[in-house]
Structures are given as structure tokens and as C-alpha cells.
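# Topology and contacts: notes
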Amino acid sequence: MPRGGDYMLATVELIAGNGSITVNVHTKNREDTGNGTAVSGSLSPSGVGRDTDEFTSLKELVRYEFVAGGTTSQWVLFRMLEPVWFDAVAV
């Protein structure tokens, strides 16, 4: 998705399941090839509910990487909420 500001608040909501979900954020410029560079931080709810984190140093494009964890027969139902974008403030 195109970057909407200097910073992003991303939220994942774990609705149900007996496994785990981790969301990593990657960023790149339009002309760059590949998946982009991983941004510091990740989202990983510890149970049913929401986890929110702030991400900085974003380039033109932002991608989510979803990593489902657990063993065979484990599953998760989750959703990503719309990110909140905001700009740096000059003092």
C-alpha cells in the first residue's frame, strides 16, 4: 500500500484460534525490487484482542507479512484494521 504519512500506527485483531499470528512490516520505494526492508517492531497479540504498534522510517510503499505459528491443526482468525498515518511535527 502507498505510505500515507511519516509514521504509521498498525493494529491487528486476533478474533479466535488456538495458534499465534505475528505481523511484520516491510517498506520499499516503487523502483526497488523484492519484498522491501523489514521495519523495526512487529505485532503479535498474546491472546484474543488487539495489538497496536508505531512504525517509522517508512519509504514509499508498505507491506504486511503475516506469520502464523503453532503446530498442525492450529488456526487463527484475525483482521488488520486500517492503519493510522501521521506526519512528523517540526519544533
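Calculation rules
- Residues numbered from 1 in each chain as written.
- Predicted model: local features only at pLDDT ≥ 70, side-chain atom pairs only at ≥ 80, totals over all residues.
- Heavy atoms only, no water.
- Helix = DSSP H or I, 4+ residues; strand = E, 2+ residues; numbered from the N terminus.
- Buried < 20%, exposed > 50% of the residue type's maximum accessible area, 1.4 Å probe, protein only.
- Lys, Arg positive; Asp, Glu negative; His and termini not counted.
- Salt bridge = Lys/Arg side-chain N within 4 Å of Asp/Glu carboxyl O.
- Contact = heavy atoms within 4.5 Å.

## Things to note about the overall build of the protein
Counting secondary structure elements, the protein contains zero helices and seven strands. When the helices and strands of the protein are listed from N to C terminus, the series reads β-β-β-β-β-β-β. Taken over the C-alpha atoms alone, the protein extends approximately 45 × 30 × 20 Å along its principal axes. Here the protein holds 91 residues, and 23% of them are scored as buried.

## Notes on the side chain of K28
With respect to the helices, strands and loops of the structure, K28 is situated in strand β2 (residues 20-28). Look at K28: it is buried, it has no salt bridge, and the nearest opposite charge is D32 at 7.1 Å. Excluding its chain neighbours within four sequence positions, the residues that come into contact with K28 are T33, G34, N35, G36, K59, E60, L61 and R63.

## Quick word on the pattern of salt bridges
Applying the stated criterion across every chain yields a total of two salt bridges. The residue E13 makes a salt bridge to R50 at a minimum N-O spacing of 3.8 Å. Here E13, found in strand β1 (residues 7-17), pairs with R50, found in strand β4 (residues 49-55); they are 37 residues apart in sequence, far enough to count as distant. What makes R50 exposed here is its relative accessible area of 54%. Among the ionic pairs, R79 bridges to E13, the shortest N-O distance being 2.7 Å. You can see R79 sitting in strand β6 (residues 76-80) and its partner E13 sitting in strand β1, a full 66 residues away along the chain. A relative accessible area of 16% means that E13 is categorised as buried. Taken together, the shared-partner salt bridges connect E13, R50 and R79 into one network.

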